Every structure is written in C-alpha cells, then in structure tokens.
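# Observations on the model geometry
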Amino acid sequence: MEGVFGKLRNLDTYPKINEDFYSRTLSGGIITIVSSIVMFLLFISELRLYLHAVTETKLVVDTSRGESLRINFDVTFPALSCSMLSLDAMDISGEEHLDVRHDIIKKRLDSHGNVIETRQDGIGSPKIEKPLQRHGGRLEHNETYCGSCFGAEVSDEECCNSCEEVREAYRKKGWGLSNPDLVDQCKREGFLEKIKNEEGEGCNVYGFLEVKKVGGNFHFAPGKSFQQSNMHVHDLLPFQKDSFNISHKINKLAFGEYFPGVVNPLDGVQWVQHTPNGMYQYFIKVVPTVYTDINGRTIQSNQFSVTEHFKSDDTGRLQSVPGVFFFYDLSPIKVTFTEGHVSFLHFLTNVCAIVGGIFTVSGILDSFIYHGQRAIKKKMEIGKFS
C-alpha cells in the first residue's frame, strides 16, 4: 500500500514548498492585489452574461405563403386638411383598396398642431332639409328619401343620399366631380364651405392596413381616386386648387408587431415641401423577421430599410399625383432572432479560463520583475551597474 501511495506522490504536478523558503516582495503584493481585482471584475462580467439572455441571429429562406402584412402608421400633414386627404393601397397581384376608411382615425389640426377634432374618415352626415329626390321633386313627409347619383347609377334602384355617396358613385364610374355645388347633396351638406373652413388646417391620420404579403404601395393624396384608361388618378377638381403642400412628418411606420430591438428607420422623419407641387416617394425593402423570446413566445414581424425620392413639379402644373407614396417589396430572406441562456458548462469553462489566465500572466510578470530586481542588485553590489 505504501508503494502505491508513493507512486501517486510521484504524479503530483504541484510540489509544495516549505514556508521557510518563501520570499515575499512588495512588487509581488502589488501584482497580487491588481490581479485579484481584475479577476473579480472579469468574473462579475462573465456572471452577468450567464444570467442575462443572449440573442442568436440566423438568416433563412422565407418559405411562408398566404400570409397577410399589417402596416401600422401615424402620419401628420400640417398643410393638408382631413377633408382632402385619402388613403389608397394596391399590390402587384392587382388587388386595390381605394379611399380606405376602416381602421383609420383622422385628427383635424390647427396651424399650431393642436387637435381640433378627432373623427372617423368622412365629411360628416347629411342634413335632410327637403332634399331633392331622384325623380326630381323635393322630399315630402310621407316619402322615403332616394337621392340622385347624377348619371352614375349602376341600376335604376340605386340611391345616393349623401355627397359622399355621389362622389363614390362617380369614383366607381371613373368620373371626376367638377363642381360639387351642382350636386344637391353636396350643396346641402356644405361640401365646399367645409373645405374652405378647413383651409390652413392640418391632419393627423393613424391606424393600420391589412394587405397581402406581396409587393405593392400605399399612399396619402388629396382627392378621391379612380381608374381612368388603366391609370390611377385622383379627382382634384372639387378642391379648386392649383397646388397642394404635402409636407409631412412620419410619427410611426411599422410593418408588423413590435419586438425588442426593432428599429424603424422612418419613425420621426419630417419633410418640408418648397415647390408648388410634387410627389414624395419612399422605396421600402421589407425583411420578414421572427423573434422568439426566452419563454418560447414567437413574434412574427418585419424589419425594413428605405430610400427616398422627391419628384418635383417646378412648372406649377400638376404633372403627377401630389402625395406621399410608400412603395414596398418583400425580401426572400427571413431573419430569426432567438433568445437563450449560456450553458453552465460554458460559464464554468470561461471562469476557469479567467482564473488560470490571470494567475499565469501575473506569475510571469512577478517572476520577470523579481529576477530583474535581483540582477540589478547584484550588478550594483559588484559596481558594474551604471
């Protein structure tokens, strides 16, 4: 047995030195204190990394199909009134959403940006004061109101009981409403008076759109839109204006749900128009993103990059639709973010590396200083140090 223990003692790579042979120095004490502090700080840093979640990023091909894309927006137009402003959305598959109103709120703003009124989109309810019937006579007490669409009826039974319904019927026909005062409904509701009363006002429009997950565009522009000779045009005649100021501030624009760390590059962007008319265009590249948190909850969202361009109309004549256009396209690459913890074995390995590395480096440094001091001392004793 004694022979076995003797062989084990011979395998000891850490031979012990008797304390009588220790030589303690001032430099060794300083190095010990400094290395202990550094070791402690590095240990705390490693412990924080272990206790906090780390995010792993991967790029994969986006194979999802048939999904929808939610666009959240909050845009302020300081020089366009809410009665003028409309929102359209269309995509490359041919689907169109013209004069979108659902899930959208408009706030009328005064010249200082203060809110005057908050309302759903529209120009107000009609005033029924003996309106003109479709057959030409005035509404009597024992009759049901059915207003004329002024030639834009699809069928003989169709009624247009408000200025908005007449404008919508004209839009579906691809016609422009040149003089709203000739339309009984618009005259009774004071359509032109309302526009004149809102002159100098601004509009804050916010809400969301649900569109197909394909490339497309959505835009804010004055006037109702319609198709004419396969072209998308806006009816600007009712406003009786030659120029439109599309200065705007994007308070928020996001393609999908918020997730930690997301950066939306257009949030807070502001642009001021200095020409009579023009079209401001944003070209957006949407990158599908999946975020999985530490608890396994998955968020399907998107990130995006953007470039912008202003198409000026210096002649003062309307050569293109004035408005703010957002053209977006989908990237075929999906980014996945996954939160997770560092494994305990990885943490233990790093702690051992910290302790061993600092001990080794401090030992080398102490040995260098100690032997350097001894060599200098010896030369001084024999008078060879100068």
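That block above? That's the structure.
Just so it is clear, the structure is predicted and the values come from calculations on it, not from any experiment.

The rules behind the values
Residues numbered from 1 in each chain as written. Predicted model: local features only at pLDDT ≥ 70, side-chain atom pairs only at ≥ 80, totals over all residues. Heavy atoms only, no water. Helix = DSSP H or I, 4+ residues; strand = E, 2+ residues; numbered from the N terminus. Buried < 20%, exposed > 50% of the residue type's maximum accessible area, 1.4 Å probe, protein only. Contact = heavy atoms within 4.5 Å. Disulfide = S-S within 2.5 Å. Expected span 1.5 Å × (residues − 1). Salt bridge = Lys/Arg side-chain N within 4 Å of Asp/Glu carboxyl O. Pairing = 2+ DSSP bridges. Polar contact = N/O pair within 3.5 Å; in protein donor to acceptor, adjacent residues only side chain to side chain.

Scanning the protein chain from N- to C-terminus turns up six helices and 16 strands. In the protein chain, buried positions account for 40% of the 386 residues. Counted over contacts in the protein chain with a minimum sequence separation of 6, partners at least 24 positions apart contribute 72%.

A full pass over the atoms with the stated rule returns four disulfides. Across a sulfur-sulfur distance of 1.9 Å, Cys-149 and Cys-160 are joined as a disulfide pair. Torsion about the S-S bond of the Cys-149 and Cys-160 cystine: about 95°, corresponding to right-handed handedness. On the criterion of sequence distance, the pair formed by Cys-149 in the loop between β6 (115-120) and α3 (163-173) and Cys-160 in the loop between β6 and α3 is long-range, its members being 11 residues apart. In this structure Cys-149 comes out as buried when scored by relative accessible area, which is 0%. Two residues share a disulfide in this structure: Cys-163 and Cys-186, whose sulfurs sit 1.9 Å from each other.

On to helix α6 (residues 344-381), then. For an α-helix the count is 3.6 residues per turn, leaving residues at separations of three or four pointing the same way. Between its terminal C-alpha atoms α6 stretches 55 Å, which fits the 56 Å expected from 38 residues at 1.5 Å a residue. Every buried residue of α6 is listed here: Phe-347, Val-351, Ile-354, Ile-358 and Ser-362. Where α6 is buried, its residues meet α2 (26-51).

Further remarks concern the pattern of salt bridges. Within the structure shown, the criterion is met by 10 salt bridges. Taking the shortest distance from any N to any O, the salt bridge between Arg-108 and Glu-201 comes out at 2.6 Å. Placement of the pair is Arg-108 in strand β5 (residues 104-109) and Glu-201 in the loop between α5 (191-197) and β7 (202-212), with a sequence separation of 93 residues. Of the two residues, Arg-108 and Glu-201, both sit in the buried class. Notably, a salt bridge pairs Arg-188 with Asp-184, separated by 3.1 Å at the nearest N-O pair. Within this pair, Arg-188 and its partner Asp-184 are both found in helix α4 (residues 184-189), separated by four residues, close to a single helical turn. What makes Asp-184 buried here is its relative accessible area of 11%. Taken together, the shared-partner salt bridges connect Asp-62, Glu-67, Lys-213 and Lys-334 into one network.

Right, let's talk about the pairing of strand β16 (residues 333-340) for a bit. With eight bridges joining them, strand β1 (residues 54-61) and β16 adopt antiparallel strand pairing. Bridge assignment links Lys-58 to a residue of β16, and that residue is Thr-336. In this structure, strand β13 (residues 277-292) lies alongside β16, joined through four bridges in parallel fashion. Note that in β16 the partner of Thr-292 across the bridge is Thr-338.

Moving on: unusual backbone geometry. Phi angles above zero are rare outside glycine, and Asp-99 is one such case at about 50°. Examined against the element boundaries, Asp-99 turns out to sit in the loop between β4 (96-97) and β5. A residue is classified by how much of its surface remains accessible, and Asp-99, at 8% relative accessible area, is buried. Backbone geometry places Asp-103, a non-glycine residue, at a positive phi of 65°. Looking at where Asp-103 falls in the secondary structure, it is placed in the loop between β4 and β5. On the basis of relative accessibility, which here comes to 40%, the residue Asp-103 falls in the partly exposed class.

Turning to the environment of Glu-95, a few remarks are in order. Within the secondary structure, Glu-95 is located in the loop between β3 (85-91) and β4. The class for Glu-95 is partly exposed, based on a relative accessible area of 27%. In the structure, Glu-95 is positioned 116 residues away from Val-211 in sequence and 9.0 Å away in space, judged by C-alpha atoms. Not counting residues up to four positions away in its chain, the partners in contact with Glu-95 are Ala-89, Met-90 and Lys-212.

What follows deals with the environment of Arg-108. Classification of Arg-108 as buried rests on a relative accessible area of 14%. A sequence separation of 31 residues divides Arg-108 from Phe-77, and the C-alpha atoms of the two residues are 9.8 Å apart. Only 2.6 Å separates the side chain of Arg-108 from the side chain of Glu-201, close enough to count as a polar contact.

So yeah, pure geometry; function would need other evidence.
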